[in-house]
Amino acid sequence: MSESLKLVGVPGSPYSRKMRAALRYRRIPFQWVGAGSATHQKLPKSPLPLMPILYYPTRDGFEATSDSTFMLKRLEREHKERSLVPGDPVVAFLDHLVEDYADEWVTKIMFHYRWAIAENVDNANRMLPRWTPVVPEEFANAFGDNFGKRQVDRLYVVGSNPTTAPIIEASYGRLLDILEQHLRVHPHVMGQRPGTSDFGLYGQLTQLVQVEPSSLRIARERAPRVPPWCDNVEDLSGLEISDDGWFGRDALPATFQQLLAEIGRTYAPFLLGNAAALASGAESVDCQVDGTHWTQVPFKYQGKCLEWLREAHAQLASPDRKAVDEILAGTGCETLLA
Ligand SMILES: N[C@@H](CCC(=O)N[C@@H](CS)C(=O)NCC(=O)O)C(=O)O
């Protein structure tokens, strides 16, 4: 029997959860390999020090690949069943925009709640190491002093600081409110069947509503549909779908429009501020997000995210691009594509 894909990750890694759930939903055979496990150590080193790592069997071993967005794109090329990309290029572009928002803005919310709030830091230092089976107790107890401290010291990388904390926490609250209303009517972000954005949001939310005590309490209080939704997306391999299960471009619900406006209110101004800082070689990003000063170190990868969004927009056929621009007009997201 030919070797199957191997996905290396940990439950405490939002992008690992994103990929594991996506592979399950798509019924693509794979093995889940715990990061740091004996099986992982036998696999070739990954090009980037990031999780998850998706290993493809080759004639003489395994090829390591990184970056969940590109993993999903390759899986779309190689597997036709149960695609995550809406057939309508207009809706596919919007799905990509929401996936990118999840991967690059909601991850700030996730990292902030885990490493900027004492109660959650203590919890993470206790939980994260123990996701590795039979991890030595000494290692687990010393985890906080090593990895935990390192992550707390890296809060500035995602832009979490006393000035931005209220912006981040308010955007979490609004995202929960929008999803709560959306999930009262629609089983998935993209309609009757999930898109890449469902797994992007799910990945980050698994940590916020299942791991971090304070953000979990907020979610259960404010958006009681979101934690159960995450539990369901964990394994959608049994979900029956129809070809036209995604929203149509003319049938996007108000809650989806509100999600676009939330992206336009937070992620869009940050992405533009980050791009401006990268272009000028500035040492810090300084821009207005949600009416408040946002400052952090420029982030190269998110400079690329903006370029990839603009490339995807430019590649649309002009009637589709016009339709996207009409849908985004007034959301704030249009500033990304101007
Ligand atoms: N863009 C990457 C991001 C991957 C990423 O940042 N993974 C985190 C874990 S969730 C990581 O490995 N961080 C490295 C570290 O914290 O040292 C993707 O979508 O896969």
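What counts and how
Residues numbered from 1 in each chain as written. Predicted model: local features only at pLDDT ≥ 70, side-chain atom pairs only at ≥ 80, totals over all residues. Heavy atoms only, no water. Axes fitted to C-alpha atoms, helices over the stretch in contact; angles between N-to-C directions. Helix = DSSP H or I, 4+ residues; strand = E, 2+ residues; numbered from the N terminus. Parallel < 35°, antiparallel > 145°, perpendicular 65-115°, else oblique. Left-handed = near helix turned anticlockwise from the far one by under 90°. Contact = heavy atoms within 4.5 Å. Nonpolar A, V, L, I, M, F, W, Y, C, P; charged D, E, K, R; others polar. Near = heavy atom within 4 Å. Polar contact = N/O pair within 3.5 Å; in protein donor to acceptor, adjacent residues only side chain to side chain. Areas by Shrake-Rupley, 256 points an atom, 1.4 Å probe, with all protein chains shown as cover. Domains from an automatic or database assignment. Buried area = accessible area lost by both parts, 1.4 Å probe. Pairing = 2+ DSSP bridges. Phe/Tyr/Trp six-rings, centres within 6.5 Å; stacked < 30°, edge-to-face > 60°. Buried < 20%, exposed > 50% of the residue type's maximum accessible area, 1.4 Å probe, protein only. Core = buried A, V, L, I, M, F, W, Y, C linked by side-chain atoms within 4.5 Å. Expected span 1.5 Å × (residues − 1).

Bringing the packing of helix 9 (residues 196-210) against helix 11 (residues 226-233) into the picture now. When two helices pack together, their arrangement is captured by the angle between the axes and the distance separating the axes. Closest axis-to-axis distance for the helix 9/helix 11 pair is 9 Å, and the angle between their directions is 120°. Between helix 9 and helix 11, the angle is such that the two are oblique. Handedness of the helix 9/helix 11 crossing: left-handed. The segment helix 9 lies against helix 11, with Asp198, Phe199, Leu201, Tyr202, Leu205, Thr206, Val209 and Gln210 engaging Val226, Pro227, Trp229, Cys230, Asp231 and Val233. Among the residues making up the contact of helix 9 with helix 11, the classes are represented as 10 nonpolar, two polar and two charged.

A separate point is the site of the ligand. Within the structure, the ligand sits among Ser13, Pro14, Tyr15, Pro49, Leu50, Met51, Asp67, Ser68, Arg150, Gln151, Arg154 and Tyr301. Between the ligand and arginine 154 there is a distance of 3.3 Å, counted from an oxygen atom to a side-chain nitrogen or oxygen. For the ligand, the accessible surface in isolation is 510 Å², of which the surrounding protein chains cover 81%. Among the elements of the structure, helix 1 (14-25) and helix 6 (137-153) are those that each provide at least two residues to the shell around the ligand. Of the residues belonging to the shell around the ligand, the class tally is six nonpolar, three polar and three charged.

This part is about the domain arrangement of the protein. Assigned domains within the protein: domain 1 (5-78) and domain 2 (89-337). Taken residue by residue, the interface counts 19 residues in domain 1 and 29 residues in domain 2. Here domain 1 meets domain 2 over a buried area of about 2,000 Å², counting both sides, of which 51% is carbon and sulfur. Considering only the surface of domain 1 that becomes buried against domain 2, Pro14, Arg17 and Tyr25 emerge as the three largest contributors, covering 32% of it.

Here the focus is the sheet that holds strand 3 (residues 53-58). Two strands in a sheet stick together by hydrogen bonds in their backbones, pointing the same way (parallel) or opposite ways (antiparallel). Read from one edge to the other, the open sheet built from four strands follows the order 2-1-3-4, with strand pairing classed as mixed. The open sheet terminates on both sides in strands that have one partner only, identified here as strand 2 (30-34) and strand 4 (61-65). If you compare each strand with its neighbour and ignore which way they point, the axes differ by 25° on average. Examined bridge by bridge, strand 1 (residues 5-9) and strand 3 share three bridges and lie antiparallel to one another.

Bringing the packing of aromatic side chains into the picture now. Using the criterion set out here, one finds 12 aromatic pairs in the structure. Relative to phenylalanine 199, the ring of tyrosine 25 has its centre 5.8 Å away and its plane inclined at 35°; by these criteria the two rings are tilted. With a gap of 174 residues between them, tyrosine 25 in helix 1 and phenylalanine 199 in helix 9 connect regions that are remote in the sequence. Take tyrosine 25 and phenylalanine 199: they sit in the same class, and that class is buried.

Another point: the pairing of strand 4. Strand direction decides the pairing type here: strand 3 and strand 4, joined by five bridges, are antiparallel. When the bridges of strand 4 are listed, proline 57 appears paired with phenylalanine 62.

Leu201 and Leu205 are the most contacted members of the largest nonpolar core, which totals 78 residues. Here this core gets 13 residues from one element, more than from any other, and that element is helix 4 (residues 89-115). Split by domain, this core shows at least three residues from each of two domains, domain 1 (5-78) and domain 2 (89-337). Beyond its immediate chain neighbours, meaning those up to four positions away, leucine 201 contacts Val98, Tyr101, Ala102, Val106, Leu175, Val189 and Trp229.

All right, on to the packing of helix 8 (residues 165-183) against helix 12 (residues 254-265) then. For the pair helix 8 and helix 12, interaxial distance at closest approach is 9 Å and the crossing angle is 165°. Classified by the angle between their axes, helix 8 and helix 12 sit roughly antiparallel to one another. Relative to helix 12, helix 8 is oriented so that their crossing is left-handed. Between helix 8 and helix 12, the residues in contact are Ser171, Arg174, Leu175, Ile178, Gln181 and His182 and Thr255, Phe256, Gln258, Leu259, Glu262 and Arg265, respectively. Taken together, the residues of the contact of helix 8 with helix 12 break down into four nonpolar, five polar and three charged.

Taking 1.5 Å per residue as the helical rise, helix 12 with its 12 residues ought to reach 16 Å, and the 16 Å between its terminal C-alpha atoms agrees with that figure. Within helix 12, burial applies to Thr255, Phe256, Leu259, Leu260, Glu262, Ile263 and Gly264. Elements in contact with the buried residues of helix 12: helix 4, helix 8, helix 13 (267-280) and helix 15 (318-328).

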